[in-house]
Amino acid sequence: MKLIFISLIGLLLFYSSFLFPAEDDQTLKRILELYKRKDFKEITKLASEYIRAKEELAQDDKVIKFYFHTENDLQKLDIVLDNIYKNTDELSPKFHALNYMLMEKALLSEQFDIGVKWGDIFRKEAKSKKPKYIKGLYLYSCLLYKANKSAISLSVIDSALKEKPSKKFTSKLKLLRIAQLKNDFQIIVESKNYLKNNYESTYADFIFAHMIQAYRNTGKKKRVEQLKEDFKKDFGDSILVDTVLGI
């Protein structure tokens, strides 16, 4: 009789999870409804209340993922991510996805210090051969560049290039690298290599102009005049034409 009673209790608990959904499930269900209506403000409010009521935050909590999509206050996102980071023994790709979102928002909102903080953690913790890791390193190097930390940015770019990224990201990384170089001779060499492989790039005119300025800085006046004519012929519709002709 006792065994039957215990079995009935277990059965009741099993079915109650379907008949009476847990509070977490109810919150997520409500958020999904709000997401369909594109009521992002209400999602942020609901998710924020949910997070405050939680004793422990989990990196794979779907409510937190929606919160990171909709919350624009980076200080709040920083606190939530910090809480998860300090209380999680083994970080998963889901944590790194939250980190990536925070870095992205930091770059767009020009809050570079927060982005650099989490970019450093991403670089150390998210090591992987997957394309997402390369994208994260590129994002981190952009944040460092914007934060006037070019030396570290160049180091991150070199690390990313060693991972043998796709042609698209190799081009983007090299473009960002050239923009930060200080040595004119190095700028000339790397600009030539970039243009050799990416002459149809949207940013080819920028690199060409950058290279001409480097030649000017090294005193190669005759070469500068030749390159200015080439620029006018190949990039006549560029917004940099007047700048280049004035070099």
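Residues numbered from 1 in each chain as written. Predicted model: local features only at pLDDT ≥ 70, side-chain atom pairs only at ≥ 80, totals over all residues. Heavy atoms only, no water.

Draft legend 1. Region of the structure containing the side chain of Asp61. Residue position: Asp61 is located in the loop between α3 (40-53) and α4 (62-70). No salt bridge is formed by the buried Asp61. Its closest oppositely charged neighbour is Lys54, at 4.7 Å. Apart from the residues within four sequence positions on either side, Asp61 is in contact with Tyr50 and Lys54. (Helix = DSSP H or I, 4+ residues; strand = E, 2+ residues; numbered from the N terminus. Buried < 20%, exposed > 50% of the residue type's maximum accessible area, 1.4 Å probe, protein only. Lys, Arg positive; Asp, Glu negative; His and termini not counted. Salt bridge = Lys/Arg side-chain N within 4 Å of Asp/Glu carboxyl O. Contact = heavy atoms within 4.5 Å.)

Draft legend 2. Representation of the pattern of salt bridges. The final tally for this structure, using the stated rule, is eight salt bridges. Between Asp82 and Lys117 there is a salt bridge; the shortest N-O distance is 3.9 Å. Of this pair, Asp82 sits in helix α5 (residues 74-86) while Lys117 sits in helix α7 (residues 112-125), and the two are 35 residues apart along the sequence. Among the charged side chains, a network of salt bridges with common partners joins Asp78, Asp82, Lys86 and Lys117.

Draft legend 3. Here's a closer look at the nonpolar core. The biggest cluster of nonpolar side chains holds 49 residues, and the ones touching the most others in it are Ile64, Phe68, Val80, Leu102, Met103 and Trp118. It is helix α8 (residues 131-146) that contributes the most residues to this core, nine residues altogether. Excluding anything up to four places from it in sequence, Phe68 contacts Leu77, Val80, Leu81, Leu98, Met101, Leu102 and Lys105. Counting residues in each nonpolar core, the second largest holds 23 residues, with Phe208, Ala214, Phe235 and Val244 among its members. (Core = buried A, V, L, I, M, F, W, Y, C linked by side-chain atoms within 4.5 Å.)

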